[in-house]
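Observations on the three-dimensional arrangement
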Amino acid sequence: NAGVMQNPRHLVRRRGQEARLRCSPMKGHSHVYWYRQLPEEGLKFMVYLQKENIIDESGMPKERFSAEFPKEGPSILRIQQVVRGDSAAYFCASSPRHFGTAGGELFFGEGSRLTVL
Amino acid sequence: DAKTTQPTSMDCAEGRAANLPCNHSTISGNEYVYWYRQIHSQGPQYIIHGLKNNETNEMASLIITEDRKSSTLILPHATLRDTAVYYCIVRVPYNAGNNRKLIWGLGTSLAVNP
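This report concerns the structure included in the present document. (Residues numbered from 1 in each chain as written. Chains lettered and ligands numbered in written order. Predicted model: local features only at pLDDT ≥ 70, side-chain atom pairs only at ≥ 80, totals over all residues. Heavy atoms only, no water.)

1. Description of the state of the cysteines
As used here, a disulfide is simply a covalent bond connecting the sulfur atoms of two cysteines. Our working definition: Disulfides are defined in this document as cysteine sulfur pairs within 2.5 Å. For the purposes of this entry, the term helix denotes a DSSP run of H or I that reaches at least four residues, the term strand denotes a run of E that reaches at least two, and both are numbered from the N terminus. The buried label goes to any residue with under 20% of its type's maximum accessible area, the exposed label to any with over 50%, and the partly exposed label to all in between, with areas taken from a 1.4 Å probe on protein chains only.
The tally for this structure, following the rule as stated, stands at two disulfides over all chains. Here C23(A) connects covalently by a disulfide to C92(A), the sulfurs 1.8 Å from one another. Around the S-S axis, the bridge from C23(A) to C92(A) shows a dihedral of about -55° and counts as left-handed. Here C23(A) is found in strand 3 (residues 19-24), whereas its partner C92(A) is found in strand 9 (residues 88-95), with 69 residues between them in sequence. Each member of the pair C23(A) and C92(A) is classed as buried. The disulfide partner of C22(B) is C88(B), and the gap between their sulfur atoms is 2.1 Å. On the sign convention where negative is left-handed, the bridge of C22(B) and C88(B), at about -80° about the S-S bond, is left-handed. Taken together, the residues span a long stretch of sequence, with C22(B) in strand 2 (residues 18-23) and C88(B) in strand 8 (residues 84-91) at a distance of 66 residues. With a relative accessible area of 2%, C22(B) lands in the buried category.

Here it is, written out as structure tokens:
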């Protein structure tokens, strides 16, 4: 049973280019979350999506950042015109809609590390 | 979700028990205590959780005080591979929407030394 898959694991971009990060949730999970982690900082919530819907994007910068979770295919976090401050680890997590207290509420991928030159 | 406070860093000798404390004095009655850890360059990994009773699984034990204002994660025989950042989070389960409200602090950076 595959876990949350993220790619690429590492991405290098020059200032002004676009970065696309992909996340395939665990099988059967319809809820996806994106987090950003800057060096020496904790995880910061960015956006919460369900299939074809953005539920909460309150943690995402208003400009240059967008996210989608289409009916078919992975969720994508897109960063346009990247700047050096976008260099960070971006983690995707998935969960089922409803769950008990078995601890399986949130499963994380290995992250995508973006470096902007 | 309530805020938690944890020590910034801790050291532990390999083979000894690692006891990681967490204060959550504003926890409400329906909030559970969860522990995750993040090994360098990896995504966070669930460890254990509990409401008010002590819990144990194959990874760790969780001791929650009677007033629920604090808890301790115990790694009974720490190994070098347990070196990681440990996050204590309090939250209400059951609903996927609550995951977005989780507050991930800086956690405790545990160094297990040979």
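2. Describing the pattern of salt bridges
The test is simple: Take a side-chain nitrogen of Lys or Arg and a carboxyl oxygen of Asp or Glu: if they are within 4 Å of each other, that pair is a salt bridge.
Within this structure, the stated rule accounts for four salt bridges over all chains. Of the charged contacts in the structure, one is a salt bridge between R20(A) and E18(A), with a shortest N-O distance of 2.8 Å. Using a relative accessible area of 35% as the deciding quantity, one classes R20(A) as partly exposed. A salt bridge links R37(B) to D82(B), with the shortest nitrogen-to-oxygen separation between them at 2.8 Å. In this pair, R37(B) is assigned in strand 3 (residues 32-38) and D82(B) in the loop between strand 7 (70-75) and strand 8, connecting sequence segments 45 residues apart. By relative accessible area, which is 10% here, R37(B) ends up buried. Overall, the relative accessible area of 14% leaves D82(B) in the buried class.

3. Let's talk about the packing of aromatic side chains
Put simply, the rule reads: In this analysis, rings of Phe, Tyr and Trp, with Trp reduced to its six-membered ring, are considered paired at centre separations within 6.5 Å, and the interplanar angle assigns stacked below 30 degrees, edge-to-face beyond 60, and tilted for intermediate values. Placement of a positive charge over a ring is assigned whenever Lys NZ or Arg CZ falls within 6 Å of the ring centre and within 35 degrees of the normal to the ring plane.
Using the criterion set out here, one finds ten aromatic pairs over all chains in the structure. A ring pair is formed by Y35(A) and W104(B), whose centres lie 6.4 Å apart and whose planes are at 75°; its orientation type is edge-to-face. Of the two residues, Y35(A) sits in strand 4 (residues 31-37) while W104(B) sits in the loop between strand 8 and strand 9 (108-113), which places them in two different chains. Residue classification places Y35(A) among the buried positions, given a relative accessible area of 0%. Judged by centre distance (5.4 Å) and plane angle (80°), the rings of Y87(B) and W104(B) are edge-to-face. With Y87(B) in strand 8 and W104(B) in the loop between strand 8 and strand 9, this pair connects stretches of sequence that are 17 residues apart. The same class applies to Y87(B) and to W104(B), which are both buried. One aromatic cluster is present, built from ring pairs that chain together Y35(A), F45(A), F108(A), Y34(B), Y36(B), Y46(B), Y87(B) and W104(B). Above the ring of Y34(B), the side-chain terminus of R91(B) is found at 5.5 Å from the ring centroid.

4. Quick notes on the interface of chain B and chain A
The condition that has to hold: Throughout, a residue-residue contact means that at least one pair of heavy atoms, one from each residue, lies within 4.5 Å. Note on definitions: buried area is the accessible-area loss of two parts on being combined, 1.4 Å probe, summed for both. Two N or O atoms form a polar contact when they lie within 3.5 Å of each other; inside protein one atom must be a possible hydrogen donor and the other a possible acceptor, and for residues adjacent in sequence the pair counts only when both atoms belong to side chains. Three classes are used, and their members are as follows: Ala, Val, Leu, Ile, Met, Phe, Trp, Tyr, Cys and Pro are nonpolar, Asp, Glu, Lys and Arg are charged, and the others, Gly among them, are polar.
Contact residues are listed per partner, giving 23 residues for chain B and 29 residues for chain A. Together, the buried faces of chain B and chain A total about 2000 Å²; carbon and sulfur atoms form 54% of this surface. Taken together, the links from chain B to chain A amount to zero salt bridges. Seen at the junction of chain B and chain A, the total is three residue pairs in polar contact (both at pLDDT 80 or more). Considering every element that reaches the side of chain B that touches chain A, the biggest residue donor is strand 3 of chain B, with four residues. Its residues placed into classes, the side of chain B that touches chain A shows twelve nonpolar, nine polar and two charged.

5. Description of the sheet that holds strand 3 of chain B
All names here are of chain B. Formally: What makes two strands pair is DSSP finding at least two bridges between them. Only the stretch in contact is used when fitting a helix axis, every axis being a line fitted to C-alpha atoms; angles between N-to-C directions are given from 0 to 180 degrees.
What the five strands build is an open sheet, ordered 1-9-8-3-4; its pairing is mixed. With one partner strand each, in any of the chains shown, strand 1 (9-13) and strand 4 (45-50) form the two edges of the open sheet. On average, adjacent strands in this sheet sit at an angle of 25° to one another, irrespective of strand direction.

6. Observations regarding the nonpolar core
Keep this limit in mind: Only buried residues count toward a nonpolar core, which is a set of Ala, Val, Leu, Ile, Met, Phe, Trp, Tyr and Cys residues joined through side-chain atoms within 4.5 Å.
Formed by 23 residues in total, the largest nonpolar core has its most connected members in W34(A), M46(A), L77(A) and Y90(A). Not counting the four nearest positions on each side in its chain, Y90(A) is found in contact with Q6(A), L21(A), W34(A), Y35(A), R36(A), M46(A), F65(A), L77(A), I79(A), G111(A), S112(A) and L114(A).

Function cannot be read off these values alone, since they describe shape.
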